[in-house]
Amino acid sequence: MTDVPLRILVVEDEALIALELECLLDDLGHVIVGVAGSSVEAIALGQSTAPDVAFVDIHLVDGPTGVDVARALSADPHTTVVFMTANAKRIPDDFAGAVGVIAKPYSERVVAGALRYVADRRAGLKATVEGLDGFRLAAREALGRHPLIR
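Since we're looking at a predicted model, the values are computed, not measured. All chains use their own residue numbering, which begins from 1 and follows the written sequence. Owing to the predicted nature of the model, reporting of local features is limited to residues with pLDDT of at least 70; listing and counting of side-chain atom pairs is limited to 80 or more, with chain, interface and lining totals taken over all residues. Only hydrogens and water are set aside when side-chain values are computed; all heavy atoms of the structure are taken into account.

Q: Help me get a handle on unusual backbone geometry, residues and values and all.
A: Each neighbour pair has its own omega, and for Lys104 with Pro105 the value is -5°, a cis peptide bond. Inspection of the secondary structure puts Pro105 in the loop between β5 (100-103) and α4 (108-122). Although it is not a glycine, Phe95 adopts a positive phi angle of roughly 60°. Helix and strand definitions follow DSSP, with helices as H or I runs of at least four residues and strands as E runs of at least two, each counted in order from the N terminus. With respect to the secondary-structure elements, Phe95 resides in the loop between β4 (80-85) and β5. The backbone phi angle of Ala96 is positive, close to 50°, even though this residue is not glycine. When you line up the elements, Ala96 lands in the loop between β4 and β5.

Written out as structure tokens, the structure is:
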């Protein structure tokens, strides 16, 4: 496992959930580069801050636009997108470029495990999600074929 702090963008329109997630990520030793509540704000922040990871909710203040955000952010090979939503049924089969989804409500253990998985994959290490029932990988990621993670 790698202990390098990740730079994280939080895309969440519910202020209390965003604040709770920011605190959790800070407690885990990561750096929050921004919080966005709309798709336009999220894409702009993603382009200006170049996060390592973006946690993206499906339903934002401007509608169910999280899928569009995921597609835009995952186009940058530096950014790994993870959906964090209670609306997993809205995620397309290709996961819009995201590596997986964390189901809401989430636990600290699942968020920490998902970040460990992403960090390990980004570092080229063998990664596993065993025991993380609240984190589901995209099908191509589960097969080890995600094009954006080395």
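Q: Help me get a handle on the packing of aromatic side chains, residues and values and all.
A: Each aromatic ring pair is characterised by the separation of its centres together with the angle its planes make. Stacked, tilted and edge-to-face are the three classes applied to pairs of Phe, Tyr and Trp rings, where Trp contributes its six-membered ring and a pair requires centres within 6.5 Å; stacked means planes under 30 degrees apart, edge-to-face means over 60, and tilted covers the rest. All chains considered together, the criterion is met by 1 aromatic pair. Ring geometry for Tyr117 versus Phe135: centroids 6.0 Å apart, planes at 65°, classification edge-to-face. Taken together, the residues span a long stretch of sequence, with Tyr117 in helix α4 and Phe135 in strand β6 (residues 135-137) at a distance of 18 residues. Taking relative accessible area as the criterion, Phe135 reaches 4% and is therefore assigned buried. Partly exposed describes any residue whose relative accessible area lies between the buried limit of under 20% and the exposed limit of over 50%, with all areas from a 1.4 Å probe on protein chains only and scaled to the type maximum.

Q: Which residues make up the nonpolar core, and what values do they have?
A: Generally speaking, soluble globular proteins have nonpolar side chains that are buried together. Only buried residues count toward a nonpolar core, which is a set of Ala, Val, Leu, Ile, Met, Phe, Trp, Tyr and Cys residues joined through side-chain atoms within 4.5 Å. Of all hydrophobic cores here, the largest spans 24 residues; its most connected members are Leu21, Phe55, Ile102, Val111 and Phe135. The contact criterion used throughout is that any non-hydrogen atoms of two residues lie within 4.5 Å. Beyond its immediate chain neighbours, meaning those up to four positions away, Phe55 contacts Ile8, Leu9, Val10, Val11, Leu21, Leu25, Val82, Met84, Ile102, Val111 and Leu115. Listed in part, the 22 residues of the second largest apolar core include Val11, Val33, Val69 and Phe83.

Q: For the side chain of Glu12, give the residues involved together with the corresponding values.
A: Among the structural elements, Glu12 can be located in the loop between β1 (7-11) and α1 (15-27). For Glu12, the side chain forms a polar contact with the side chain of Lys104, separated by 2.4 Å. Ignoring anything within four residues of it in the chain, the contact list for Glu12 reads Ile17, Ala18, Val35, Ala36, Gly37, Asp57, Leu60 and Lys104. Polar contact is defined as a pair of N or O atoms within 3.5 Å, subject to the rule that within protein one atom must be able to donate a hydrogen and the other to accept it, and that residues adjacent in sequence are counted only when both atoms are side-chain atoms.

Q: Residue-level account of the packing of helix α2 (residues 39-49) against helix α3 (residues 66-74), with values.
A: All axes here are fitted lines through C-alpha atoms, helices being fitted over the stretch that makes contact, and every angle between N-to-C directions spans 0 to 180 degrees. Axis separation between α2 and α3 bottoms out at 10 Å; the angle between their running directions is 15°. Between α2 and α3, the angle falls in the class roughly parallel. Of the two possible hands of crossing, α2 and α3 adopt the one that is right-handed. On α3, the residues that touch Ser39, Ala42, Ile43 and Gly46 of α2 are Val69, Ala72 and Leu73. Each residue receives one of three labels: charged for Asp, Glu, Lys and Arg, nonpolar for Ala, Val, Leu, Ile, Met, Phe, Trp, Tyr, Cys and Pro, and polar for the others, Gly being one of them. Tallied by class, residues from the contact of α2 with α3 come to 5 nonpolar, 2 polar and no charged. The cut-offs work like this: below 35 degrees is roughly parallel, past 145 is roughly antiparallel, 65 to 115 is roughly perpendicular, and the gaps in between are oblique. Crossing handedness is defined as follows: a turn of the near helix away from the far one that is anticlockwise and smaller than a right angle gives a left-handed crossing, while the clockwise case is right-handed.

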